[in-house]
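Inside the fold
Residues per chain are reported as follows:
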Amino acid sequence: MLQDRITTFQSRLTENDFLIWSYITNHKKNSLTMSINELAKQCNVSRTTIMRFCQKLGFDGFSEFKYHLKNELTQENVPLSELEGEILENHIQTIENLKKKDFTDLCTMMANANRIFIYGSGDIQTLVSSYMKLLFVHNGLILYDFGAVSINKQFYQIIQPEDLVLLITLNGESPEVVKLAKQLKQRKIQTIGITKLRNSTVSKLCDETIFFLNPEVQDQEDILTPFETTSTLFFVIEYFLLKYDAWQKQTNKSS
């Protein structure tokens, strides 16, 4: 939820940011139809202030913020059965984003790496890491996964600039993953981030990123405990494999 992000990033927010959030909270429906200039006028701030507010919450800009606001408003007013459409819409949007992305650099990084390490920052992400290992081995790539307990001085002595590290994280703000990404960047080790937030700290630190959408499902009838859908994350890994396979065949054909 957006309120969760406000809580998470409150140390970054200014008095104007809280005023913007207060207005949006009290005028959600109206805010959805406003342009960034119109919202800025209502809040008595500049267009730049609105943009920075959205970016502080981890969004690429005002349009992405409004997309999440619309999702949240929809979930507040529909029964559980209609949330199925919301989940499907996020799958569709993720697919459209993937179709627009050029995977050439990512595939080249995978093929040229001396070794490929993969790190998932949570339980689901760890499952995705294991799944990715199984998928890519058929294309001749061996991926080594490691957990938080392995990130120590010995790990940084083992990893080399010719290696590649994949970081799988939902919000891209986990302290452990951010610290790891910073250490790898300082050592000039290439990284690929797989995350849902375009403007997260991890996405800024990685050399390449793949983004996906996974909404939080909330049941207003309290039948289910709120949870984040993660099926799109598994789909992203499968799509990445298909793109790599096609790139590999094209490269072999050309050589």
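Everything discussed here concerns the structure shown above.
What you see is a predicted model; the values in this text were computed from it and never measured.

A few words now on the nonpolar core. Ranked by size, the top nonpolar core spans 30 residues in total, and within it Met110, Met132, Phe136, Leu166 and Phe240 carry the most contacts. Every element with two or more residues in this core is listed here: helix H8 (104–112), strand S1 (116–120), helix H9 (123–136), strand S3 (164–168), strand S4 (190–195) and helix H13 (231–254). The element that contributes the greatest number of residues to this core is H13, accounting for 7 residues. Those residues in contact with Phe240 that sit more than four places away from it in its chain are Phe103, Leu106, Met110, Met132, Phe136, Leu166 and Ile210. Counting 22 residues, the second-largest nonpolar core is a separate cluster that includes Phe9, Ile20, Tyr23 and Phe53.

Among the 6 residues that make up S4, 5 are buried, leaving the element largely enclosed by the rest of the structure. Of the pairings in the sheet, the one linking S3 to S4 comprises 5 bridges and is parallel in character. Along S4, the bridge assignment pairs Ile168 with Ile194. Handedness of the crossover joining S3 and S4 through helix H11 (residues 175–186): right-handed. Note: S4 against strand S5 (residues 208–211), 4 bridges, orientation parallel. Considered in S5, the bridge of Ile194 is made with Ile210.

Where nonpolar side chains cluster on the molecular surface, the patch consists of Val137, Ile142 and Tyr144 and spans about 290 Å² of accessible area. As for its placement among the helices and strands, Val137 is situated in the loop between H9 and strand S2 (143–145). Of the residues examined, Val137 reaches a relative accessible area of 43% and is grouped as partly exposed.

Moving on, we get to the environment of Thr49. If you trace the backbone, Thr49 turns up in helix H5 (residues 47–56). Along the sequence, Thr49 and Asp17 sit 32 residues apart, while their C-alpha atoms lie 7.8 Å from each other. Thr49 has contacts with Asn16, Asp17 and Ile20, leaving out every residue within four places of it along the chain.

The rules behind each value
Residues numbered from 1 in each chain as written. Predicted model: local features only at pLDDT ≥ 70, side-chain atom pairs only at ≥ 80, totals over all residues. Heavy atoms only, no water. Core = buried A, V, L, I, M, F, W, Y, C linked by side-chain atoms within 4.5 Å. Buried < 20%, exposed > 50% of the residue type's maximum accessible area, 1.4 Å probe, protein only. Helix = DSSP H or I, 4+ residues; strand = E, 2+ residues; numbered from the N terminus. Contact = heavy atoms within 4.5 Å. Pairing = 2+ DSSP bridges. Right-handed = clockwise from strand over helix to strand, strands pointing away. Patch = residues over 30% accessible without salt bridge, like charges linked within 9 Å, V, L, I, M, F, W, Y side chains within 5 Å. Areas by Shrake-Rupley, 256 points an atom, 1.4 Å probe, with all protein chains shown as cover. Salt bridge = Lys/Arg side-chain N within 4 Å of Asp/Glu carboxyl O.

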